[in-house]
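# Survey of secondary and tertiary structure
One-letter residues, chain by chain:
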Amino acid sequence: MHVRVVNRIIAKYKDNRTSLISILQDIQKEFQYLPAEVLKLVSEKLDLKLIDVYSVATFYKSLRLSPQGKHSITVCTGTACHVRGTTKILDEIQSQLDIAPGYTTKDKKFTFNTVNCLGACAIGPVLVIDGKYYGNMTPIKARETVSKYLKKTKNK
Ligand code: FES
């Protein structure tokens with residue numbers, strides 16, 4: 001099934017490797033993310049190195065390498081948030097969820113992402129969970145906030 005979808009999308013762009021970003025965006029619309037086997041197919045079809053396809057897929061924040069979880073946790077890594085300690089917050093959440101940014105937990109409940117600026121620099125560092133903004137974060141506050149969501153979703 002993957003092969004047919006990938007062939008159709010690549011044919012739409014006339015096998016043009018310069019359309020790689022558009023091709024990956026269209027594929028993501030079909031599968032909601034970019035499965036590894038699909039990226040391999042794309043590299044073979046377009047005669048591109050797999051590493052080059054991955055470089056594009058990981059460079060653009062709108063492209064995802066794993067399926068989206070039910071809930072999203074996003075930490076701002078923009079300059080204003082970074083200088084106020086985002087790195088420690090990221091480490092804290094990473095150890096709490098046991099996944100790196102860009103990934104989804106095994107139970108598919110949480111997707112963890114970073115973003116470059118949320119336009120809320122005055123209240124940075126900023127954490128966003130399911131669209132709700134939490135400002136002036138510290139590692140301890142971030143852990144407590146994420147813990148609440150983990151508890152809330154435990155048996156759901
Ligand atoms: S840098 Fe984080 S909200 Fe702007």
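See the structure printed just above.
Rules used throughout
- Residues numbered from 1 in each chain as written.
- Predicted model: local features only at pLDDT ≥ 70, side-chain atom pairs only at ≥ 80, totals over all residues.
- Heavy atoms only, no water.
- Patch = residues over 30% accessible without salt bridge, like charges linked within 9 Å, V, L, I, M, F, W, Y side chains within 5 Å.
- Areas by Shrake-Rupley, 256 points an atom, 1.4 Å probe, with all protein chains shown as cover.
- Salt bridge = Lys/Arg side-chain N within 4 Å of Asp/Glu carboxyl O.
- Helix = DSSP H or I, 4+ residues; strand = E, 2+ residues; numbered from the N terminus.
- Buried < 20%, exposed > 50% of the residue type's maximum accessible area, 1.4 Å probe, protein only.
- Phe/Tyr/Trp six-rings, centres within 6.5 Å; stacked < 30°, edge-to-face > 60°.
- Lys NZ or Arg CZ within 6 Å of the ring centre and 35° of its normal.
- Core = buried A, V, L, I, M, F, W, Y, C linked by side-chain atoms within 4.5 Å.
- Contact = heavy atoms within 4.5 Å.
- Axes fitted to C-alpha atoms, helices over the stretch in contact; angles between N-to-C directions.
- Parallel < 35°, antiparallel > 145°, perpendicular 65-115°, else oblique.
- Left-handed = near helix turned anticlockwise from the far one by under 90°.
- Arc of directions from axis to C-beta.
- Nonpolar A, V, L, I, M, F, W, Y, C, P; charged D, E, K, R; others polar.

## Here's the deal with a nonpolar patch on the surface
Side chains of I21, F59 and Y60 sit close together on the surface and give an oily, nonpolar patch of about 290 Å² of accessible area. Structurally, the position occupied by I21 is in helix α2 (residues 20-31). Owing to a relative accessible area of 31%, I21 belongs among the partly exposed residues under this scheme.

## A few points about the packing of aromatic side chains
For any pair of aromatic rings, the description consists of the separation of the ring centres together with the inter-plane angle of the planes. With the rule as written, the count across this model stands at 2 aromatic pairs. Ring geometry for F59 and Y60: centres 5.0 Å apart, planes at 85°, overall edge-to-face. Above the ring of Y149, the side-chain terminus of K152 is found at 4.5 Å from the ring centroid.

## Here we look at the pattern of salt bridges
In the structure shown here, the tally under the stated rule is 5 salt bridges. Among the ionic pairs, E30 bridges to R8, the shortest N-O distance being 3.1 Å. Here R8 lies in helix α1 (residues 2-12) and E30 lies in helix α2, a separation of 22 residues in the sequence. Looking at R8, the relative accessible area reads 46%, which means it is partly exposed. As a salt-bridge pair, K29 and D26 come within 4.0 Å of each other at their nearest N and O atoms. Of the two residues, K29 and D26 are both situated in helix α2; the distance of 3 residues between them amounts to about one turn of the helix. A relative accessible area of 63% places K29 in the exposed class. Since its relative accessible area comes to 11%, D26 is described here as buried.

## Regarding the nonpolar core
Counting residues in hydrophobic clusters, the biggest one holds 20 residues, and the most contacted among them are V6, L20, L24, I27, L34, V42 and L46. Counting residues per element, the ones that place at least two in this core are α1, α2, α3 (36-45) and α4 (50-59). The leading source of residues in this core is α2, at 5 residues. Contacts of L20, omitting those with residues within four sequence positions, involve V42, L46, L48, D52, V53 and V56. Residues I99, F112, L127 and Y134 belong to the second largest nonpolar core, which totals 16 residues.

## Things to note about the packing of α3 against α4
Viewed as axis vectors pointing N to C, α3 and α4 meet at an angle of 120°, and their least axial separation amounts to 9 Å. Comparing their axes, α4 and α3 come out oblique. By crossing handedness, the relation of α3 to α4 is classed as right-handed. Contacts between α3 and α4 involve A36, L39, K40, V42 and S43 from the former and L50, V53, Y54 and A57 from the latter.

## Topic: α1
Within the sequence span of α1, burial applies to V5, V6, I9 and I10. Take α1 and look down its axis: the buried residues cluster within an arc of 125°, on one side only. Across α1 from its buried face, at more than 90 degrees, point the exposed residues R4 and K12. Of the residues one or two after α1, K14 is the one with positive phi, at around 55°.

## Concerning the packing of α1 against α2
Two measures define how a pair of helices packs: the angle their axes make with one another and the distance between the axes. At a minimum axis distance of 10 Å, the contact between α1 and α2 shows a crossing angle of 145°. The hand of the α1/α2 crossing is right-handed. Residue-level contacts link H2, V5, V6, R8, I9, I10 and K12 of α1 to I23, D26, I27, E30 and F31 of α2. Taken together, the residues of the contact of α1 with α2 sort by class into 7 nonpolar, 1 polar and 4 charged.

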